[in-house]
Amino acid sequence: RALLSRPARALRARRGLAAGPEMHFGFQTVTEEERREKIYQVFETVAKKYDVMNDSMTLGIHRVWKDILMHKMNPCPGTLLLDVAGGTGDIAFRFINYVRSVRQRQLQRKLKDHQNLSWQEIFESYQKDKSNSLGDSQVVVCDINREMLKVGKQKAQHLGYSEGLSWVLGNAEELPFDDDKFDVYTIAFGIRNVTRIDLALQEAYRVLKPGGRFLCLEFSHVSNPLLSSLYDLYSFQVIPVLGEVIAGDWKSYQYLVESIRQFPPQEELKAMIEDAGFFKVDYENLNFGIVAIHSGFKL
């Protein structure tokens, strides 16, 4: 409950002063409010087919990208993670699996170091540690879209995830959490869909503890001209067709392709993250820059 107690009056005021009259929605020029509403409608429409379309559009490679993000994070038991725009739970479930694996290895090492224990003592120790398989780790999934959260909750129930997991309806630009609360903030394939990236980055900085880490996985810009041409051909000619065939929705996937082209390139996003106050900001290109992982620390 304490995580949800912070009022956001100051941010609302800052947001109102900073709001610009025109923005991009894909290749269209719209007002800030129109962009916010249109993006909400896109994800409300695609929520039920979101995971299937991710597999189809990326040939399943998005799973590898998310695994790399988790290994880069390398969370230890006790970590408090905020996953923003993570409605379908992909990062949250990976986080839980990763921490459980770390806890299991810790338990095995602990038992090996106590060879003189009786069988009863080993059994009792194992049962005690097993009952807290996450080591007090928690992940809070925050998403602005109710339908995406609904899909994520259904997946969690189906896959058996409940311990250390909570779901919060909230805007990345105006997070409903107190300052200095989280060890890690992640946003995977979500930051290009926020209305004001600068405000989202400021909020990420605010809710992280000193020493906390920011991690962003997002589609980015391919530098190789030949690969870039092939990527454009696939993006504009194939992905909207897949959207129509699988999800019955050409327009939403046309927007998603266009939004990638409008998103800031790696160095520009790095500068924006630094402007928000983060230190030691760097990025790693995956698949020649089709996606990139940006990382920074609140010091």
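Named according to an unreviewed UniProt entry, the protein chain is COQ5 protein originating from Panurus biarmicus. You can read under Function (unreviewed entry) in the UniProt record for the protein chain the words "Methyltransferase required for the conversion of 2-decaprenyl-6-methoxy-1,4-benzoquinol (DDMQH2) to 2-decaprenyl-3-methyl-6-methoxy-1,4-benzoquinol (DMQH2)."

The end-to-end C-alpha separation of helix H7 (residues 146–159) is 20 Å, in line with the 20 Å expected for 14 residues at 1.5 Å each. Considered for burial, the residues of H7 that qualify are Met148, Leu149, Val151, Gly152, Lys155 and Ala156. Projected down its long axis, H7 carries its buried residues within an arc of 160 degrees, all on one side. Away from its buried face, by an angle of more than 90 degrees, H7 presents the exposed residues Arg146, Gln157 and His158.

Roughly 480 Å³ of internal volume is contained in the largest pocket. As for the largest pocket, its lining consists of 25 residues, and the residues nearest its centre are Met57, Thr58, Trp65, Phe219 and Tyr231. For the lining of the largest pocket, the secondary structure elements donating two or more residues are helix H3 (50–58), helix H4 (61–73), helix H9 (225–237) and helix H11 (250–262). Residues belonging to the lining of the largest pocket are distributed by class as follows: 19 nonpolar, 5 polar and 1 charged.

On inspection of all chains with the given rule, the structure shows 9 aromatic pairs. Both rings, one in Trp65 and one in Phe189, keep their centres 6.2 Å apart while their planes meet at 50 degrees; by these two values the pair is tilted. Within this pair, whereas Trp65 is found in helix H4, its partner Phe189 is found in the loop between strand S6 (182–188) and helix H8 (197–207), the two being separated by 124 residues in sequence. There is no split in this pair, since Trp65 and Phe189 are both buried. A ring pair is formed by Tyr185 and Phe214, whose centres lie 5.5 Å apart and whose planes are at 25 degrees; its orientation type is stacked. Placement of Tyr185 in strand S6 and of Phe214 in strand S7 (residues 208–219) is noted, with a sequence separation of 29 residues between them. Here the aromatic residues Tyr185, Tyr205, Phe214 and Phe278 are joined through ring pairs into a cluster of three or more. The positively charged end of Arg261 is found above the aromatic ring belonging to Tyr231, 4.7 Å away from the centroid. When the ring centre of Tyr205 is taken as reference, the NZ or CZ atom of Lys298 above it lies at 4.9 Å.

Taken together, the side chains of Leu59, Ile61 and Val64 define a hydrophobic patch exposed on the protein surface, amounting to about 280 Å² of accessible area. If you trace the backbone, Ile61 turns up in helix H4. Using a relative accessible area of 32% as the deciding quantity, one classes Ile61 as partly exposed.

Inspection of the entire model under this criterion finds 14 salt bridges. Across the salt bridge formed by Asp51 and Lys155, the nearest N and O atoms sit 3.0 Å from each other. Here the residue Asp51 occupies a position in helix H3, and Lys155 occupies one in helix H7, the gap between them amounting to 104 residues. Relative accessible area serves as the criterion here: at 21%, Asp51 is assigned to the partly exposed category. Between Glu163 and Arg100 there is a salt bridge, and its shortest N-O distance comes to 3.9 Å. Note that Glu163 is positioned in the loop between H7 and strand S5 (165–169) and Arg100 in helix H5 (residues 90–112), a separation of 63 residues in sequence. Judged by its relative accessible area of 28%, Arg100 is partly exposed.

About the cut-offs
Residues numbered from 1 in each chain as written. Predicted model: local features only at pLDDT ≥ 70, side-chain atom pairs only at ≥ 80, totals over all residues. Heavy atoms only, no water. UniProt positions renumbered as here; feature names shortened; annotations may be inferred. Helix = DSSP H or I, 4+ residues; strand = E, 2+ residues; numbered from the N terminus. Expected span 1.5 Å × (residues − 1). Buried < 20%, exposed > 50% of the residue type's maximum accessible area, 1.4 Å probe, protein only. Arc of directions from axis to C-beta. 1 Å grid on protein atoms, 1.4 Å probe; cavity = no way out; pocket = protein on both sides within 12 Å on 5 of 7 lines; lining within 4 Å. Points joined across faces, edges and corners; volume = space filled by probe spheres on them. Nonpolar A, V, L, I, M, F, W, Y, C, P; charged D, E, K, R; others polar. Phe/Tyr/Trp six-rings, centres within 6.5 Å; stacked < 30°, edge-to-face > 60°. Lys NZ or Arg CZ within 6 Å of the ring centre and 35° of its normal. Patch = residues over 30% accessible without salt bridge, like charges linked within 9 Å, V, L, I, M, F, W, Y side chains within 5 Å. Areas by Shrake-Rupley, 256 points an atom, 1.4 Å probe, with all protein chains shown as cover. Salt bridge = Lys/Arg side-chain N within 4 Å of Asp/Glu carboxyl O.

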